[in-house]
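Geometric and topological summary
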Amino acid sequence: RVHSAALMSALPHQRVGSPAGRQALVLHGILGTKTNWRTVIRKVAERAPQWGFVLPDLRNHGDAQGIAGPHTLDAAARDLDALGGPFDAVIGHSYGGKVALAWAATTPVAPSLVVTVDSNPGPRPDRRGAEGTTLLVDALATMGGPFPTREAFTAALVAKGFARDLAAWVAMNVAARDGAWRLRTDVTAIRAMLDDYFARDLWPVVESPRDHTRVLAIVGGTSSSLDAGDRARLTRAAARCERVRVAVVEGAGHWVHVDAPEETVTLLAEALAGV
């Protein structure tokens, strides 16, 4: 079951699974929306029927527009408090993974489980491994408009050299207003979010989980988001602390849940069953 909700006091979000069970947050990446993980999470819910899942739009994404700055990881983490809870687990992909770490470090009651999916917890002032994201955001800043259709926006982004699949995914951020299609995303706010994302060091949250928290770091085998040094550091963290685990999904890129959905579902269902 999927239930939509958009309360004045909360981020717009959807719910999947048991509303009466233990609850988990599921956080999308930059330029994503609350629907990105819905298909995978539905399958996880079938394997973990005792869990319910809350999938929000993070600030400046999807239907969560017009939220005041500063647009930092900590602000994005604080936004989650209005969703209620308590939440026993948090799952985050890419940017959402780092928001998950920031939330897990500061929420009053430590979660039982934190799962990061191809998310680098460390600072990257040179933005290595994320060059494509930087180029995409720069391109969005130059997009004209309005557009007569969503497909016209997609075609304009393809004309700038981006793959059609990526352009169609980004086009989910385009909405119709007054008979025309416009990008609803505040690119300046997205840049501010990325600036803080690349500046923050959240390795301590992974290497020294608070209280009883377990950490699972899922890594795409062919992704460039974590280099050899980052992967080695994750491996050392897992060797030092039995509550830290690393799972490399061979053959999967940054979009692990798209490239290897069944393996992703299995990893998440097993992790949830263990808490």
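The sections below set out a description of the structure shown in this document. The model shown is predicted, which means the values in this text are computed figures rather than measured ones.

To continue, consider the pattern of salt bridges. Taken as a whole and assessed by the stated rule, the structure comprises 17 salt bridges. Across the pair Asp 196 and Arg 200 runs a salt bridge, and its minimum N-O distance is 4.0 Å. Take Asp 196: its relative accessible area is 17%, and that puts it in the buried class. For Arg 200, a relative accessible area of 22% puts it in the partly exposed group. Glu 207 is the partner of Arg 240 in a salt bridge, and the nearest nitrogen-oxygen pair spans 3.8 Å. Residue Arg 240 is located in helix H9 (residues 228–240), and its partner Glu 207 is located in helix H8 (residues 203–207); the two are separated by 33 residues in the primary sequence. A relative accessible area of 57% places Arg 240 in the exposed class. Connected through salt bridges with shared partners, the residues Lys 34, Asp 57, Asp 63 and Arg 184 form a single ionic network.

What follows is about the nonpolar core. Core analysis: the largest hydrophobic core is formed by 57 residues, its most contacted members being Leu 25, Leu 80, Tyr 95, Val 99, Leu 140, Phe 153 and Leu 157. Tallying contributions element by element places helix H3 (residues 95–106) first for this core, with seven residues. Setting aside residues no more than four positions away along its own chain, Phe 153 makes contact with Leu 140, Met 143, Phe 147, Val 170, Ala 171, Val 174 and Leu 183. Residues Ile 41, Leu 55, Ala 252 and Leu 272 belong to the second largest nonpolar core, which totals 29 residues.

Another point: empty space enclosed by the protein. Take a probe with the size of a water molecule and roll it over the atoms, and the empty space left behind shows itself. One pass over the full model with this rule turns up one cavity of 30 Å³ or more. As for the largest cavity, its lining consists of Leu 101, Thr 116, Ser 119, Pro 121, Val 206, Val 215, Ala 217 and Leu 234. Taken together, the residues that form the lining of the largest cavity break down as six nonpolar, two polar and no charged.

Moving on, we get to the layout of surface pockets. Each pocket or cavity is described by its volume, and for the largest pocket that value is around 650 Å³. In this structure, the largest pocket is lined by 30 residues; those nearest its centre are Thr 133, Leu 166, Trp 169, His 254 and Trp 255. Ranked by the residues each element gives to the lining of the largest pocket, the list is headed by helix H4 (residues 131–142), at four residues. By residue class, the composition of the lining of the largest pocket is 13 nonpolar, 13 polar and four charged. What the second largest pocket holds in volume is close to 170 Å³. Around the second largest pocket, the lining residues are Leu 113, Arg 214, Val 215, Leu 216, Glu 242, Arg 243, Val 244, Arg 245, Glu 270, Ala 271 and Gly 274. Looking at the lining of the second largest pocket, the elements that each hand over two or more residues are strand E9 (214–220), strand E10 (244–249) and helix H11 (261–273). With three residues, the top contributor of residues to the lining of the second largest pocket is E9.

What counts and how
Residues numbered from 1 in each chain as written. Predicted model: local features only at pLDDT ≥ 70, side-chain atom pairs only at ≥ 80, totals over all residues. Heavy atoms only, no water. Salt bridge = Lys/Arg side-chain N within 4 Å of Asp/Glu carboxyl O. Buried < 20%, exposed > 50% of the residue type's maximum accessible area, 1.4 Å probe, protein only. Helix = DSSP H or I, 4+ residues; strand = E, 2+ residues; numbered from the N terminus. Core = buried A, V, L, I, M, F, W, Y, C linked by side-chain atoms within 4.5 Å. Contact = heavy atoms within 4.5 Å. 1 Å grid on protein atoms, 1.4 Å probe; cavity = no way out; pocket = protein on both sides within 12 Å on 5 of 7 lines; lining within 4 Å. Points joined across faces, edges and corners; volume = space filled by probe spheres on them. Nonpolar A, V, L, I, M, F, W, Y, C, P; charged D, E, K, R; others polar.

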